[in-house]
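Structure assessment
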Amino acid sequence: MESPRLFPGAVTPHRHYRVDADGVGIAVNEWGNENDPVLALVHGGADFSRTFDVFAPLLAAAGWRVVAWDHRGHGDSDHAHLYSFEADLRDAVRVLDTVAPQRPIAVVGHSKGGAIMTSLAEAQPFRFRSFVNLDGIPYRRPGPDLPEYQRADAMNTEITAWLEHRRRTATGSRKPGTIEELARRRAQMNPRLSKEWLEYLVTVGAREDADGWRWKLDPSMRMGGFGPWRPEFGLFRLAGLGVPFLGVLVGADEPMGWGTKPHQVEKWIPRHGRLEFFEDIGHFIHIEQPEMVAGMALDFLGDPS
Amino acid sequence: MSTITLRHNRIELALHELRPATGDGHPLLLLHGLGERTPATVPVDLETWSGAIWGLDFTGHGESTLPVGGGYSAEVLLGDVDAAINNLGSVTLIGRGLGGYIALLAAGARADAVHGAIITDGPGLTGGTYESSVPQIVRLMNQGETPDPYALHELSRDVRAADYALDFVQFSTAHSELPEPINVSATYRPAWLEAVAAAPGVASLLIIDALDLYR
């Protein structure tokens, strides 16, 4: 067994436990003093809570009990029978009921984690004292902009690929490899992150089998997908939020993320909310610039007590 | 009635043979409505079908696996139907309510294997709309039996949009050998189904006539 690699500033969570979400085991990691006020830190699609190993300790050091969990099928949480946005929302509520029942808390959500928490802030605003959304405001569908006839063809192709994938997943498992190979594969989705960081992530987000390392992410999950969902309906929701809101968008193009730009969503930012834009940073802004993002979030969230 | 078990990811699906073929022709596959299960016998209005008649229990319904912790979508049920098509080959689909909507998705997604899809009245035909899709966070008691309450809750609210449904009509008509590969027999037509019924390549025959069309 290879010993975990070190990465500057990375801190192993101080507490780790599981929450039962209607039969699905959700893995929770915490940093900071257990008696401090709760700050929920929510990861995005295909990520996991240990991607916060550098960012979370910076928030904890300011007096927050930082609580992050792996969505079902991600990280150390159970691989479930089924996955949906609404199921992720329910799982989140099970965790929050455990750590902060009926108490408003601070929330920082990245990417899909920001979108999930936007839905929660609409459905159950009483859980929030303030909310930071890191590049988690969808404006257009993921994927290239295509003319209508090509869009339909692309969707048809995507559906076929998805069904073929579903036919294989009953027996499938992830492809094994060395730490370096897994890091190289992830670099295709995270081209702006350093090799050292991605190799560190393998040691906390993959497991080592006899034939090599495998990402823990459920092999039945894949990028892309299709459905009747439209990003603009998330925007209508955003406009009506009644909790203090800081939205953060980025300018650098990346395979992950929605690529939303400020002029597209400005009018949907909730009243008294704030929108910040960083032209030269990518989707994983809290990993590229952890100190700067932590400082901005802490400023906005205010004194924990 | 004989039953075979199919695998769709972590779900085991029950595929029931209601009646072997009495003559020529490909199989007819019944897709039940929301909260229902495959009927024990051949429904009267389908007796004229000469090929074999099968019925699929969707995930969380009938004798199929009861999943833990919900997370349903119409697209997952499309995957259920695809598992049945993978086993039976070319089929004609007839769906009640939710099963009718799933039949439409399958007709578009597997246009080469679906020899006609008939949409009929039944539970779960309407679905949700964008406007009604305010997030709801409920905790439901699962009594260990199908139908799964999460299926009832989630699949009665999943968004059915006319433009999305029309994409599947277009895929079906573009790739099927039939001039009218989709038939709407339902009397009640929510907005998405109204749009489907008005599209080119969609017939609106009675069930008995639609069966003749796809025989």
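Residues numbered from 1 in each chain as written. Chains lettered and ligands numbered in written order. Predicted model: local features only at pLDDT ≥ 70, side-chain atom pairs only at ≥ 80, totals over all residues.

**Regarding the overall build of chain A**
Here is the rule: In this text, helices come from DSSP runs of H or I with a minimum length of four residues, and strands from runs of E with a minimum of two, each type numbered from the N-terminal end. We compute the radius of gyration over the C-alpha atoms and compare it with the globule rule, which gives 2.2 Å times the number of residues raised to the power 0.38. Three exposure classes are used. Buried residues have 20 or more other C-beta atoms within 10 Å of their own C-beta, exposed residues have 12 or fewer, and partly exposed residues fall in between, all C-beta atoms being placed from the backbone.
Broken down by element type, chain A carries 10 helices and 10 strands. Computed over the C-alpha atoms, the radius of gyration of chain A is 19 Å, within 12% of the 19 Å expected from 2.2 N^0.38 for a compact globule of 305 residues. If one aligns the C-alpha atoms of chain A with their principal axes, the spans along those axes are about 50 × 50 × 40 Å. In chain A, which comprises 305 residues, the share counted as buried stands at 46%.

**Description of the environment of Ala 21 of chain A**
To be explicit about the condition: The contact criterion used is a C-beta to C-beta distance within 7 Å, with each C-beta placed from the backbone.
Mapped onto the fold, Ala 21 of chain A is located in strand β1 (residues 15-21). Along the sequence, Ala 21 of chain A and Val 95 of chain A sit 74 residues apart, while their C-alpha atoms lie 7.8 Å from each other. Dropping the residues within four chain positions of it, Ala 21 of chain A is found in contact with Ile 26, Arg 90, Asp 91 and Arg 94 of chain A together with Gly 69 of chain B.

**Some thoughts on the packing of helix α2 (residues 98-109) of chain B against helix α4 (residues 162-175) of chain B**
Residue and element names in this part refer to chain B. We count it as follows: Where helices are involved, their axes are fitted lines through C-alpha atoms of the stretch in contact, as for all axes, and angles between N-to-C directions lie from 0 to 180°. In what follows, roughly perpendicular refers to angles from 65 to 115 degrees, roughly parallel to angles under 35, roughly antiparallel to angles over 145, and oblique to any angle outside these ranges. Left-handed describes a crossing in which the near helix is turned anticlockwise from the far one by less than a right angle; the clockwise case is right-handed. Gly counts as polar in this scheme, as do all residues outside two lists: the nonpolar Ala, Val, Leu, Ile, Met, Phe, Trp, Tyr, Cys and Pro, and the charged Asp, Glu, Lys and Arg.
Running from N to C, α2 and α4 point in directions that differ by 45°, and their axes come no closer than 7 Å. In this view, α2 runs oblique relative to α4, as classed from their interaxial angle. Remark: the crossing between α2 and α4 carries left-handed chirality. Contact residues: Leu 104, Leu 105, Ala 107, Gly 108 and Ala 109 in α2; Ala 165, Asp 167, Phe 168, Val 169, Phe 171 and Ser 172 in α4. By residue class, the composition of the contact of α2 with α4 is 8 nonpolar, 2 polar and 1 charged.

**Considerations on α4 of chain B**
Our working definition: Expected span, for any helix, means 1.5 Å times one less than how many residues it has.
Its 14 residues give α4 of chain B an end-to-end C-alpha distance of 20 Å, which sits within 8% of 20 Å, the value for a rise of 1.5 Å per residue. Its buried side turned inward, α4 of chain B meets α4 (148-169) of chain A together with α2, β7 (182-184), α5 (191-197) and β8 (202-203) of chain B.

**Quick word on the sheet that holds strand β5 (residues 91-96) of chain B**
All names here are of chain B. Short version of the rule: Two strands qualify as a pair provided DSSP detects at least 2 bridges between them.
Ordered in space as β1-β2-β4-β3-β5-β6-β7-β8, the 8 strands form an open sheet in which the pairing is mixed. Only two strands of the sheet have a single partner each, and these edge strands are β1 (2-8) and β8. Where β5 meets strand β6 (residues 114-120), 5 bridges bridge the pair, whose relative direction is parallel. Looking across to β6, one finds that Val 91 is bridged to Val 114. Against the sheet, helix α1 (residues 74-88) contacts β1, β2 (11-19), β3 (28-31), β4 (53-56) and β5, and its axis sits at roughly 120° relative to β1.

**Here we look at the sheet that holds strand β10 (residues 274-278) of chain A**
Residues and elements named next belong to chain A. Read across the sheet, 8 strands follow the order β1-β2-β4-β3-β5-β6-β9-β10 without closing on themselves; strand pairing throughout is mixed. On the outer flanks of this sheet lie β1 and β10, each paired with one strand and no other. Between one strand and the next, the sheet's axes are offset by a mean angle of 20°, whatever the strand orientation. Pairing geometry for strand β6 (residues 128-134) and strand β9 (residues 245-250), over 4 bridges, is parallel. Across the sheet, the residue bridging to Leu 134 is Val 248, located in β9. Its contacts with the sheet put helix α3 (residues 112-123) on β3 (38-42), β5 (105-110) and β6, and the angle it makes with β5 is roughly 140°. Sitting on the sheet, helix α10 (residues 290-301) is in contact with β5, β6, β9 and β10, with an inclination near 155° to β6.

Shape is all these values report; function is a separate question.
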